[in-house]
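Structural characterization, general
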Amino acid sequence: PQKINLILCDLPPGVTQSDIESFLLPYKASIESIQINDKNPQKATATFKDSEMADKCRTELNQRKIKNKNIRIMREEKHFLQKNKDSKNNLYVKNIPKEKDARELYEYFLQFGDVFSLKVNDNEKGDFLRTAFLTYYKEDDARKCIEATTNKKIWGSDMEVCDEVLKIDPKCVKAYYRKAKSYNL
């Protein structure tokens, strides 16, 4: 089996090693190590003994909460990030219904393919901006998502998914650059 690192992002302030171990408890037997990032305590790395269990963990626990904060879980793939930072894999979602949470969005978008990252945008106060950045591993999955959601009511809303990052709402430009900066693993 091949070892794989998962990156846990958007950890709440003051999160401890014990908090992360409790969060990952169902996968304890498959985890070799857990390390909170010294330079950026909002991130941690969990090294799994095999990629199958890592992917299962990523799918089941992604956008679940630690201390009331949704956690993004991604495979550590620096080459993917460098290669795809401006690609059609990256989508922008707007007009998300207020009552939907990050986990519901994540589960909805999984139907179109393997999600690399879903970053729900908020302002400095933590207020939900009803927008998100969504990245698929495969461009075909991103295209499938756009085709399936264009001109359709989703949860009774005019939620829109597009690949035109340059046309994003001005209030989310700052969130976009925060997201891009957060990928510096």
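Structure shown above.
Notes on the structure follow. Keep in mind the model is a prediction, meaning the values are calculated, not measured. Within each chain, residue numbers correspond to sequence positions counted from 1 in written order. Given that the model is predicted, a residue must reach a pLDDT of at least 70 before its local features are reported, and side-chain atom pairs must reach 80 or more before they are shown or counted; all residues, however, enter totals for whole chains, interfaces and linings. Side-chain measures were taken over the full set of non-hydrogen atoms in the model, leaving aside hydrogen atoms and water.

Notes on the sheet that holds strand S7 (residues 90-94)
Pairing between two strands is assigned when DSSP locates at least 2 bridges connecting them. To qualify as a helix, a DSSP run of H or I must reach at least 4 residues; to qualify as a strand, a run of E must reach at least 2; elements of each kind are numbered from the N terminus. Pairing is antiparallel in the open sheet, where four strands are placed in the order S8-S9-S7-S10. Edge positions in the open sheet fall to strand S8 (115-122) and strand S10 (160-162), since each of these has one partner strand only. Neighbour-to-neighbour, the strand axes of the sheet open up by a mean angle of 20 degrees, direction not taken into account. Sheet topology places S7 next to strand S9 (residues 128-136); five bridges connect them, and they run antiparallel. Considered in S9, the bridge of tyrosine 92 is made with phenylalanine 133. Throughout, a residue-residue contact means that at least one pair of heavy atoms, one from each residue, lies within 4.5 Å. Where helices are involved, their axes are fitted lines through C-alpha atoms of the stretch in contact, as for all axes, and angles between N-to-C directions lie from 0 to 180°. On top of the sheet, helix H4 (residues 102-110) reaches S7, S8, S9 and S10; it is set at about 145 degrees to S8, its chief contact.

Describing H4
Partly exposed describes any residue whose relative accessible area lies between the buried limit of under 20% and the exposed limit of over 50%, with all areas from a 1.4 Å probe on protein chains only and scaled to the type maximum. Within H4, burial applies to Ala102, Arg103, Leu105, Tyr106, Tyr108 and Phe109. The term polar contact refers here to a pair of N or O atoms within 3.5 Å; inside protein, the definition further demands a hydrogen-donor-capable atom paired with an acceptor-capable atom, and it admits residues adjacent in sequence only when both atoms are side-chain atoms. Measuring from the side-chain oxygen of the N-cap residue of H4 to the backbone nitrogen of arginine 103 gives 3.1 Å; that N-cap residue is aspartate 101.

Here we look at the side chain of threonine 135
For threonine 135, the position within the fold is in strand S9. The buried category is assigned to threonine 135, whose relative accessible area is 2%. Side-chain polar atoms of threonine 135 contact the side chain of asparagine 90, separated by 2.9 Å.

Topic: the pairing of strand S3 (residues 44-48)
Among the five residues of S3, four are classified as buried, and the element is accordingly described as predominantly covered. Where strand S1 (residues 4-9) meets S3, five bridges bridge the pair, whose relative direction is antiparallel. In the strand pairing of S3, isoleucine 4 is matched with phenylalanine 48. As paired elements, strand S2 (residues 31-36) and S3 share five bridges and run antiparallel to each other. Within S3, the position partnered with isoleucine 36 by the bridge is alanine 44.

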